[in-house]
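# A closer look at the structure
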Amino acid sequence: MRANFKQESFIEGYFNRIFKGLSFEGIGLKLARVKEIVEVEQIENYKKPLLMLLLENDSLLHVEITNVKSKPDLQSMLTYDMSIALRYRMQVNTIILNFGNIQQDGEIEKSFGSVHYKTKIVDLSDINGQKVYEELSQKISSGCLLDGRDKLSLVFLPFMKNSLPFNEVLLKVMSLLERMKDEEERITYLTVISEIISRLIGKQGVEVLKEYLMDTEVGIRIRDEGNKEGMRESIMVILLEKFNVLPDDIYYAIAGQKNENTLMKWLQNVTSICSIDELKKMVFNIE
């Protein structure tokens, strides 16, 4: 019997498709490879981490991106790192990826009372974004498989050194991704880069992405997947309020349902369900 309805979201699935098994050696970090993305719980009044990745040695990698206009929120970073270290007894490696015109490398250190906090800075402005773009463009156009270093470069390409304004670079990267021959791979990268930009830049990044994605195949699919995920979670919440636990077959049937019309029908009817038998009839279409 299952009482926990939380499953991997479609956004987490896309992140894992790219980051699983990835090494950060390409940007000078000697760390274990990535096992999976981690979504941490919101701590009130503190900004959530941009990226939190579980590594294969069971430590965590906390990644933030910043530039001269966007200072790192060290207090929020420390709060999450300390919470994880104390609650789960896990080591947290924290890095800041810097981009923009002002180069910055090394470490940032700050004391909060008796606590001394230090994080490593990796300067993406040292990497020639135009050169990386041309190399990736050639590989994508020829249909070559991307290796681990290529994947990392593609995700962080908008933040590398470039003569164009950020918004223009972002649109250029999006256009490059549209040339990918594999539909699922194309949607994966568009979704992950869009999510990172939205988390980092906020309204400015969201507006650029909305304008680009509004009527594209990937934009429609992201909205569609988000709607279906929201309906699945709403159904689960209502049922767990009623029954506390759910039989595994019902749980997996709801979690795996991808037809939006079916989900909408279930959501409309679920409040009137009074027993597990009635629920089974609805989910498995038993007359």
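Quick note: structure is the one above.
Figured I'd write up the structure that's included with this text. (Residues numbered from 1 in each chain as written. Predicted model: local features only at pLDDT ≥ 70, side-chain atom pairs only at ≥ 80, totals over all residues. Heavy atoms only, no water.)

## Section: the environment of Leu 246
Quick reminder of the rule: Put simply, DSSP marks the helices as runs of H or I at least four residues long and the strands as runs of E at least two long, and each gets a number from the N terminus on. Exposed residues in this analysis have more than 50% of their type's maximum accessible area, buried residues have under 20%, and partly exposed residues fall in between, with area computed by a 1.4 Å probe over protein chains only.
Here Leu 246 is to be found in the loop between helix 8 (217–243) and helix 9 (248–255). Leu 246 sits in the buried class, given a relative accessible area of 1%. Residues Leu 246 and Met 236, ten residues apart in the sequence, show an inter-C-alpha distance of 9.0 Å.

## Let's talk about the nonpolar core
Burial of nonpolar side chains together is a common tendency in soluble globular proteins. Counted only if it meets this: We call a set of buried residues a nonpolar core when its members are Ala, Val, Leu, Ile, Met, Phe, Trp, Tyr or Cys and they connect through side-chain atoms within 4.5 Å of each other. Contacts are assigned to residue pairs with any non-hydrogen atoms lying within 4.5 Å of each other.
Ranked by internal contacts, the top residues of the largest apolar core, which has 52 residues, are Phe 19, Phe 24, Phe 156 and Phe 159. The element that contributes the greatest number of residues to this core is helix 6 (residues 183–201), accounting for eight residues. Not counting residues within four places of it along the chain, the set of residues in contact with Phe 156 comprises Phe 24, Leu 51, Ile 65, Leu 97 and Leu 124. Counting 18 residues, the second-largest nonpolar core is a separate cluster that includes Met 231, Phe 243, Ile 254 and Val 270.

## Focus: empty space enclosed by the protein
How we decide: Only protein atoms enter the 1 Å grid used here. Points where a 1.4 Å probe fits but cannot escape make up a cavity, open sets with protein on both sides within 12 Å along at least five of seven lines make up a pocket, and a residue lines them when an atom lies within 4 Å of a point. Grid points are joined across faces, edges and corners, and a volume is the space filled by probe spheres set on the points. The classification used treats Ala, Val, Leu, Ile, Met, Phe, Trp, Tyr, Cys and Pro as nonpolar, Asp, Glu, Lys and Arg as charged, and all other residues, Gly among them, as polar.
For the structure shown, the criterion picks out one cavity of 30 Å³ or more. By volume, the largest cavity amounts to about 30 Å³. Considering the residues around the largest cavity, the lining is formed by Gly 129, Tyr 133, Leu 157, Asn 162, Val 169, Lys 172 and Val 173. A total of three residues in the lining of the largest cavity trace back to one element, the largest contributor, which is helix 5 (residues 166–177). Taken together, the residues of the lining of the largest cavity break down into four nonpolar, two polar and one charged.

## Focus: the pattern of salt bridges
Test applied: Only one rule defines a salt bridge in this text: a Lys or Arg side-chain nitrogen within 4 Å of an Asp or Glu carboxyl oxygen.
Enumeration according to the criterion identifies eight salt bridges in this entry. Between Glu 39 and Lys 48 there is a salt bridge; the shortest N-O distance is 4.0 Å. Under the relative-accessibility criterion, Glu 39 is labelled partly exposed at 34%. Using a relative accessible area of 33% as the deciding quantity, one classes Lys 48 as partly exposed. Several salt bridges share partner residues, and in doing so they unite Lys 139, Asp 147 and Asp 150 into one network.

## A look at unusual backbone geometry
Of note, the phi angle at Arg 89 is positive, near 55 degrees, even though the residue is not glycine. The residue Arg 89 is located in the loop between helix 2 (74–88) and strand 4 (92–98) in this model. For Arg 89, a relative accessible area of 72% gives the class exposed. For Asn 244, which is not glycine, the phi dihedral falls at a positive 70 degrees. Turning to its location among the elements, Asn 244 is positioned in the loop between helix 8 and helix 9. In this structure Asn 244 comes out as exposed when scored by relative accessible area, which is 57%.

## Some thoughts on the sheet that holds strand 1 (residues 34–37)
Worth spelling out the cut-off: Should DSSP find at least two bridges between two strands, the strands are taken to pair. Fitting a line to C-alpha atoms yields each axis, with helices limited to the stretch in contact; the angle taken between N-to-C directions then spans 0 to 180 degrees.
Here we have six strands laid out as an open sheet, ordered 1-2-3-4-6-5, and mixed in their pairing. Two strands lie at the open edges of the sheet, namely strand 1 and strand 5 (106–112), each paired on one side alone. Each neighbouring strand pair of the sheet contributes to a mean axis angle of 30 degrees, computed without reference to strand direction. Sheet analysis places strand 5 next to strand 6 (residues 115–123), joined by seven bridges and oriented antiparallel.

## Things to note about the side chain of Ser 153
Relative to the assigned elements, Ser 153 resides in helix 4 (residues 148–156). With residues up to four places along the chain from it excluded, the contact list for Ser 153 reads Val 132, Leu 136 and Met 160.

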